[in-house]
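Here is how the chains run, residue by residue.
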Amino acid sequence: LYVTDEVPNGGQIYAFLMDPLTGGLTERGHWPSYGTQPSGIALVDTEDMVIVSHFTSRTSITTIAGDAQSGYHIERRYDDATTVLFTLDATGCSDQPSHVHVHATSGHQSKPSCLHSVSLSPDGSFLIECDMEKDQLVTMTIDYGSHSLHLQGIRDVPQGSGPRYSAFHPTLPVFYVNFEYRPVIEAFLYRVGGDYESLGTVDVLPENLNGGSGVLLSDLRVHPTGKYVYTLVRGHNVVSAFAVDEVSGRLRRIQTATINGISPKGCTFSPDGRFFYIAVSVSDEVQVWAVDANGILVPTEETAAVPRPSAITMVEMTPP
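It should be emphasised that the depicted structure is a prediction, and the values quoted were computed from it without experimental measurement.

> What's the story with the environment of Val44 in this structure? I'm lost.
Among the secondary structure elements, Val44 is positioned in strand E4 (residues 38–44). Exposure remark for Val44: the relative accessible area of 2% places this residue in the buried category. The spacing of Val44 and Leu85 is 41 residues in sequence and 9.8 Å in space, taken between C-alpha atoms.

> Sorry, what's going on with the environment of Pro122 here?
With respect to the helices and strands, Pro122 occurs in the loop between strand E10 (115–120) and strand E11 (127–131). Along the sequence, Pro122 and Met317 sit 195 residues apart, while their C-alpha atoms lie 22 Å from each other.

> What am I meant to see in the pairing of E4 here?
Two faces make up the sheet, and in a regular strand the side chains alternate between them. Burial runs high along E4: five of the seven residues are buried. Taken together, the five bridges between E4 and strand E5 (residues 49–54) define a ladder with antiparallel strand orientation. Its bridge partner lying in E5, Ile41 is registered against Val52. Count of turn residues in the E4/E5 antiparallel hairpin: four residues, of which Asp48 carries a positive phi of about 55°.

> Please explain the sheet that holds strand E1 (residues 2–5) as it appears in this structure.
Two modes of strand pairing occur in sheets, parallel and antiparallel, and in both the strands are linked by backbone hydrogen bonds. Sheet architecture is open: three strands sit in the order E1-E2-E3, paired in antiparallel fashion. Of all strands in the sheet, those bounded by a partner on one side alone are E1 and strand E3 (25–32). On average, adjacent strands in this sheet sit at an angle of 25° to one another, irrespective of strand direction. Taken together, the seven bridges between strand E2 (residues 12–18) and E3 define a ladder with antiparallel strand orientation. Within E3, the position partnered with Ala15 by the bridge is Gly29.

> Can you help me understand the pairing of strand E25 (residues 297–305) in this one?
Across six bridges, strand E24 (residues 285–291) lies against E25 in antiparallel orientation. Bridged to Val286 within E25 is Ala304. Two successive antiparallel strands, E24 and E25, enclose a turn made up of five residues, where Gly295 displays a positive phi of approximately 85°.

> How should I be thinking about the sheet that holds strand E16 (residues 182–190) in this particular structure?
Spatially, E14-E15-E16-E17 is the arrangement adopted by the four strands of the open sheet, whose pairing is antiparallel. Looking at the sheet topology across the chains shown, the edges are occupied by strand E14 (163–168) and strand E17 (196–203). The sheet shows a mean angle of 25° between the axes of neighbouring strands, taken without regard to direction. Sheet analysis places strand E15 (residues 174–179) next to E16, joined by six bridges and oriented antiparallel.

> Please explain the packing of aromatic side chains as it appears in this structure.
Aromatic ring pairs are reported here in terms of the distance separating the ring centres and the angle at which the planes meet. Within this structure, the stated rule accounts for 14 aromatic pairs. Ring centres 6.2 Å apart and planes at 15° place the aromatic pair Tyr14 and Phe16 in the stacked group. Judged by centre distance (5.4 Å) and plane angle (85°), the rings of Phe168 and Tyr190 are edge-to-face. In this pair, Phe168 sits in strand E14 while Tyr190 sits in strand E16, placing the two residues 22 residues apart along the sequence. Here the two residues Phe168 and Tyr190 agree in accessibility, since each one is buried. Members of the aromatic cluster, each reached through a chain of ring pairs, are Phe126, Phe168, Phe175, Phe188, Tyr190 and Tyr196. In this structure, Arg182 is placed above the aromatic ring of Phe179, and the distance from its NZ or CZ to the ring centre is 5.8 Å.

> I keep staring at the pattern of salt bridges and nothing clicks. Help me out?
Pairing is possible between side chains that carry opposite charge, provided their charged atoms lie close to one another. Here the structure, examined in full by the defined rule, presents five salt bridges. Here Arg164 and Glu180 are joined by a salt bridge, their closest N and O atoms 2.7 Å apart. Here the residue Arg164 occupies a position in strand E14, and Glu180 occupies one in the loop between E15 and E16, the gap between them amounting to 16 residues. Each member of the pair, Arg164 as well as Glu180, carries the same accessibility label: buried. Counted as one network, the salt bridges with shared partners bring together Arg164, Glu180 and Arg234.

The rules behind each value
- Residues numbered from 1 in each chain as written.
- Predicted model: local features only at pLDDT ≥ 70, side-chain atom pairs only at ≥ 80, totals over all residues.
- Heavy atoms only, no water.
- Helix = DSSP H or I, 4+ residues; strand = E, 2+ residues; numbered from the N terminus.
- Buried < 20%, exposed > 50% of the residue type's maximum accessible area, 1.4 Å probe, protein only.
- Pairing = 2+ DSSP bridges.
- Axes fitted to C-alpha atoms, helices over the stretch in contact; angles between N-to-C directions.
- Phe/Tyr/Trp six-rings, centres within 6.5 Å; stacked < 30°, edge-to-face > 60°.
- Lys NZ or Arg CZ within 6 Å of the ring centre and 35° of its normal.
- Salt bridge = Lys/Arg side-chain N within 4 Å of Asp/Glu carboxyl O.

This is a description of form; function is not addressed.
Next up, the structure:
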């Protein structure tokens, strides 16, 4: 199990060994992430590689430039925004990046990249990162021979929308993106290597619920069957469900359900897709919802007390 650790002056990656009988964790090691505030992480399990993106907007250095003759001025230099590929050794750890991609800025006063998430396409041909600060989708390819990353393309999305998460469909050549500050999900049709085009957007909220300040989308998940997509909305504290067109991959909203808690941030499914788990951060709990035959979520009475849960993942353990 690989975890990013956001710390004030540079990040860390932790590797844990999981006990197949108990689910207990034992730390195998940790190492610098080569960037500040590591956020997204993707495991290339067939190649023993881990890719990490960094959310960097909160750290800057102010320097004084110029002289008395030309005039003094202030320059603000942000920490490098990076996407980093690590090759894992036999213990599942790494002590040195195989490749560091530094995302360029156009000048000291320009916005830094804030790469909130990274997702790898099912065929492994490309990865997509959501840059929340620059309002961009960044695609990169992996050179598996040299264990290096290559910038494939950058796509602008509406300013102020804050793309947050992407999620790939398990069988269709489609991925979805949600936006922290814009209550929509956009669907994209992609080709091997990372070229893609928009299939359009769908509203996350019904007409009686408005977006705006304090209404923030968080996690985004595709059901294991590929028939449904779900996203969480803070502020209104709801979860919206969407049916997936089995041919085009386009979405149709089928439900918006109120969550009995504050600030839902992370979600995932049981391996069989029958249950949906929501990490409700401010309420300090993980809620269990059932998924019916039509993709509708039904709350259960089951909860687990967890302090400030944010990200959540499901691991299907097979005892030896």
